[in-house]
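# Coordinates in review
The lines below spell out each chain.
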Amino acid sequence: MSKKALFMVHFGTTHNDTKELTIDKMNKKFSEEFKDYDLFIAYTSRIVLKKLKDRGEIFSTPIRVLNSLADQGYEEIIVQTSHIIPGIEYENLVREVNSFSNKFKSVKIGKPLLYYIDDYKKCVEALADEYVPKNKKEALVLVCHGTDSPLATSYSMIEYVFDEYGYDNVFVVCTKAYPSIDVLIKKLKKNGIEEVRLAPFMFVAGEHAKNDMAITYKKELEENGFKVNQVILKGLGEFDAIQNIFLNHLKTAIKKDDEDIADFKKEYSEKYL
C-alpha cells in the first residue's frame, strides 16, 4: 500500500476563535472525506507564522511539509488551499508543489475558492439570504484582503455577480488593493445608500476583519454620514456551502487527472500497441 497524504494549506491566522470555526473545521471535513490519507497542514503567511512562533505555536511552511512528506516516503499527495483567489499566495504554492513533482508518484492540487464562473455564483447563493439587506437604502459591504496580482479583479467580479442575481446593494472594498475605501464611499453615495452592513469576504475573520473592517472602515463610513447597522465577524470558512466549493475543487482535480491518465493510456495503446 502506498503512503498517501492530504495536505491542507491555509494563509493562516493568529486568532484561535476564528481558526476553530474555519481552518480546523475545513481540515476535519476534508480528513473525514479522504479517510485513507494522512493529514498535514501548513500556513503560507510569513507574518502569521512569525507571530505564532513568538508566542510558542509552531506551524510549518508548505516547503517544510513537502520535504517531510518526501523524506517519509509518501507517494500520493493531494493538496487543497483555502485561499480565496489564484493570486500570489496560490501561485507560490503551486510553484513549490510542482518543484517536488519528481519526488512523488502522484500530486493533485485543488483550485482556490474563486476560479470558475460557477464558483462566484455559488458564493452569492451561499451568502445572499443571510447577508444581503432587504432595504435597498442599506448596503452589504464585503471587505476583501486584496492582492497586488492582476487577479485583484476577482474581487470586483463578486460585486458584479451579486448584481446579476438582483442584489444591487452589495459592494466590495479591499484592504490592500482596488477598490479602496475612498472608491467605496463614492459608490455608496452615488447609489443613495444611507446604511451599511459590513462583512468579511475572507476565509477567517481575523486581524483584517477585527481591525481594518470593524474599527477603521466602520469609523470612516460613519464619518462620511453612513449608519453602520451591523459588523459581521464571520469568516467564509464558517459556511458549509463555501467549504463544499473547495471540496469539489479537490475532487475535480483528482477526477480530471485520473481521466487525463486514462485518455493518455488509451491514445498510447491505439497508436503503439
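Under an unreviewed UniProt entry, the name given to the protein is Sirohydrochlorin cobaltochelatase, and the source organism is Fusobacterium simiae.

Right, let's get into the pairing of strand β8 (residues 227-231). Along any regular strand the residues' side chains alternate between the sheet's two faces. Bridge count between strand β7 (residues 195-200) and β8: four bridges; the pairing is parallel. Paired with Arg-197 across the strands is Gln-230, a residue of β8. Considered for its hand, the β-α-β crossover made up of β7, helix α9 (residues 207-223) and β8 is right-handed.

What follows deals with the sheet that holds β8. With parallel pairing, four strands are arranged side by side in an open sheet as β6-β5-β7-β8. Whereas interior strands pair on both sides, the edge strands pair on one side only; in this sheet they are β6 (170-174) and β8. Taking each pair of neighbouring strands and ignoring which way they run, the sheet shows an average axis angle of 30°. Both strand β5 (residues 138-144) and β7 contribute to a ladder of six bridges, which runs parallel. Considered in β7, the bridge of Leu-140 is made with Arg-197. Helix α7 (residues 153-164) rests against β5 and β6 of the sheet, and its axis sits at about 175° to β6.

In this section: unusual backbone geometry. Cis geometry marks the peptide bond from Tyr-178 to Pro-179, where omega comes out at 0°. Residue placement: Pro-179 occurs in the loop between β6 and α8 (181-190).

Attention now goes to the nonpolar core. In terms of nonpolar packing, the biggest core is built from 49 residues, with Leu-142 and Phe-201 touching the most fellow members. Elements with a minimum of two residues in this core: β1 (4-10), α2 (23-33), α3 (46-54), α6 (117-131), β5, α7, β6 and α10 (240-272). Leaving out residues up to four positions away in the same chain, Phe-201 has contacts with Ile-84, Leu-114, Cys-123, Leu-127, Leu-142, Val-143, Cys-144, Ile-158 and Leu-236. If you look at the next biggest cluster of nonpolar residues, it comprises 20 residues, including Val-141, Leu-184, Leu-198 and Leu-221.

How each quantity is defined
One numbering rule holds for all chains: residues counted from 1, following each sequence as written. Note on the predicted model: pLDDT of at least 70 is required for a residue's local features to be given, and 80 or more for side-chain atom pairs to be given and counted; whole-chain, interface and lining totals, by contrast, use all residues. No hydrogens and no water enter the side-chain calculation; it runs on all heavy atoms of the structure. Paired strands are those between which DSSP finds at least two bridges. A run of H or I in DSSP becomes a helix once it reaches four residues, and a run of E becomes a strand once it reaches two; helices and strands are each numbered from the N terminus. Crossover handedness is defined by viewing with both strands directed away from the observer: a clockwise path from the first strand over the helix to the second marks the crossover as right-handed. Here the axes come from fitting lines to C-alpha atoms, over the contacting stretch only for helices, and the angles between their N-to-C directions go from 0 to 180 degrees. By definition, residues are in contact when any of their heavy atoms lie within 4.5 Å. The definition of a nonpolar core used throughout is a set of buried Ala, Val, Leu, Ile, Met, Phe, Trp, Tyr and Cys residues joined through side-chain atoms within 4.5 Å. Burial classes: relative accessible area under 20% of the type maximum marks a residue as buried, over 50% as exposed, and values in between as partly exposed (1.4 Å probe, protein chains only).

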